[in-house]
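Structural overview
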Amino acid sequence: MSRSRFEKFKQVLRQRQHDMTVVTDQVHKAQNISAMIRTADAVGIPEVHMVKPVRGHLVYHNTAGGSGRFVSTRVHPDIQTALDTVRGKGMRLLAAAWSDNAVSYRDMDYTQPFALVMGAEKYGLSETAMEAADAHLTIPMIGMVESYNVSVAAAIILQEAMHQRMRSGHYDLPDPTDAASRKQLFRWAQPKMAAYCDRHNLPYPDLDEDGDLIPPEDPAYRGAL
């Protein structure tokens, strides 16, 4: 691995926004899910929460330019479970939906912890999500169509969130030193060895300054070397 790519991994990991996420409320089209995961990676979101659809199946193929490797996904059986999970992390629920109390997406403060809740392509947000949301967001439009595609709407809102967070210094973070971050860096740099270690319940070996594997002496690793 080149040192520049390893440094890029470290930069991306350093700038991840762990207090920002997306919840998809029964979105099932693979291209929309893939596009939102790609956007999540672009703005620094480390994890996306998805709810299984009542109609059809949750289909996701990793067609997001490899971004699925860098953004973890968590599937929930229902929207209430997903909302409770992100609320438990101290995040406000911002639902992309029209209501009498909805505000323009540009008027929202995204520098505070939040989860952006996006509705299904045909049916929109569920009543549960609408009622649970702390705020409803709209994107001004002047054409004949009534709404943007769900993945496009998510990208518009999340770009505004990234812009606000950049201005407030949210991305100017030191290198993480916690064990979870070190493990994540290893998985990105050495995915095959990471899979081998996970499969055989082995600790991750050390990496050199270029992100290359320092071969361990333990014979338990020989099957992957």
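Structurally, the position occupied by I33 is in helix α2 (residues 30-43). With relative accessibility at 2%, the residue I33 sits in the buried group. Remark: the alpha-carbon pair of I33 and V150, spanning 117 residues in sequence, is separated by 9.1 Å.

Read from one edge to the other, the open sheet built from 7 strands follows the order β3-β2-β1-β6-β4-β7-β5, with strand pairing classed as parallel. Two strands bound the open sheet, and with one partner strand each, they are β3 (72-76) and β5 (103-104). Both β5 and strand β7 (residues 135-138) contribute to a ladder of 2 bridges, which runs parallel. Each residue of the ladder has a partner; that of V103, found in β7, is L137.

Tracing the backbone shows M193 in helix α7 (residues 191-199). Linking M193 and G223, residues 30 residues apart in sequence, is a C-alpha distance of 9.7 Å. If sequence neighbours within four positions are ignored, M193 has contacts with F186, P205, L213, Y221, A224 and L225.

Right, let's talk about the packing of α2 against helix α5 (residues 150-167) for a bit. Two elements in contact, α2 and α5, have axes separated by 9 Å at closest approach and are oriented at 10°. Taken together, the axis directions place α2 and α5 in an arrangement best described as roughly parallel. Mapping the contact onto sequence places N32, A35, M36, T39, A42 and V43 in α2 and V150, S151, A154, A155, L158, Q159 and M162 in α5. Grouping the constituent residues of the contact of α2 with α5 by class yields 9 nonpolar, 4 polar and no charged.

Another point: the pattern of salt bridges. Once the charged atoms of two side chains with opposite charge are near each other, the side chains can pair. Here the structure, examined in full by the defined rule, presents 9 salt bridges. For R3, the salt bridge identified is with D210, shortest N-O distance 2.6 Å. With a gap of 207 residues between them, R3 in helix α1 (residues 3-14) and D210 in the segment after α7 connect regions that are remote in the sequence. With a shortest N-O distance of 2.6 Å, D41 and R16 are connected by a salt bridge. Linking D41 in helix α2 with R16 in the loop between α1 and β1 (20-25), this pair joins segments that are 25 residues apart in sequence. Taken together, the shared-partner salt bridges connect R3, E209 and D210 into one network.

With their axes 10 Å apart at the nearest point, α1 and helix α6 (residues 179-189) run at an angle of 140° to one another. What the angle tells us is that α1 and α6 run oblique. As α1 packs across α6, the resulting crossing turns out to be right-handed. In this structure, α1 contributes F6, F9, K10, V12 and L13 to the contact, and α6 contributes S181, Q184, L185, W188 and A189. Its residues placed into classes, the contact of α1 with α6 shows 7 nonpolar, 2 polar and 1 charged.

Right, let's talk about the nonpolar core for a bit. By size, the foremost hydrophobic cluster in this structure holds 30 residues, and its most contacted members are Y110, F114, L116, M118 and L137. Leave out the neighbours within four places in its chain, and Y110 touches L94, Y105, L137, I157, E160, A161, Q164 and R165. Among the nonpolar cores identified, the runner-up in size contains 15 residues, and L83, A115, L125 and A133 belong to it.

Taking 1.5 Å of rise per residue, 12 residues should cover 16 Å, and α1 covers 16 Å from first to last C-alpha, within 8% of that figure. Restricting attention to buried positions, one finds in α1 the residues F6, F9 and L13. Within α1, the buried residues cover an arc of 50° as seen down the axis, which keeps them to one side. Turning to α1, the residues buried within the fold contact α6.

The rules behind these values
Residues numbered from 1 in each chain as written. Predicted model: local features only at pLDDT ≥ 70, side-chain atom pairs only at ≥ 80, totals over all residues. Heavy atoms only, no water. Helix = DSSP H or I, 4+ residues; strand = E, 2+ residues; numbered from the N terminus. Buried < 20%, exposed > 50% of the residue type's maximum accessible area, 1.4 Å probe, protein only. Pairing = 2+ DSSP bridges. Contact = heavy atoms within 4.5 Å. Axes fitted to C-alpha atoms, helices over the stretch in contact; angles between N-to-C directions. Parallel < 35°, antiparallel > 145°, perpendicular 65-115°, else oblique. Nonpolar A, V, L, I, M, F, W, Y, C, P; charged D, E, K, R; others polar. Salt bridge = Lys/Arg side-chain N within 4 Å of Asp/Glu carboxyl O. Left-handed = near helix turned anticlockwise from the far one by under 90°. Core = buried A, V, L, I, M, F, W, Y, C linked by side-chain atoms within 4.5 Å. Expected span 1.5 Å × (residues − 1). Arc of directions from axis to C-beta.

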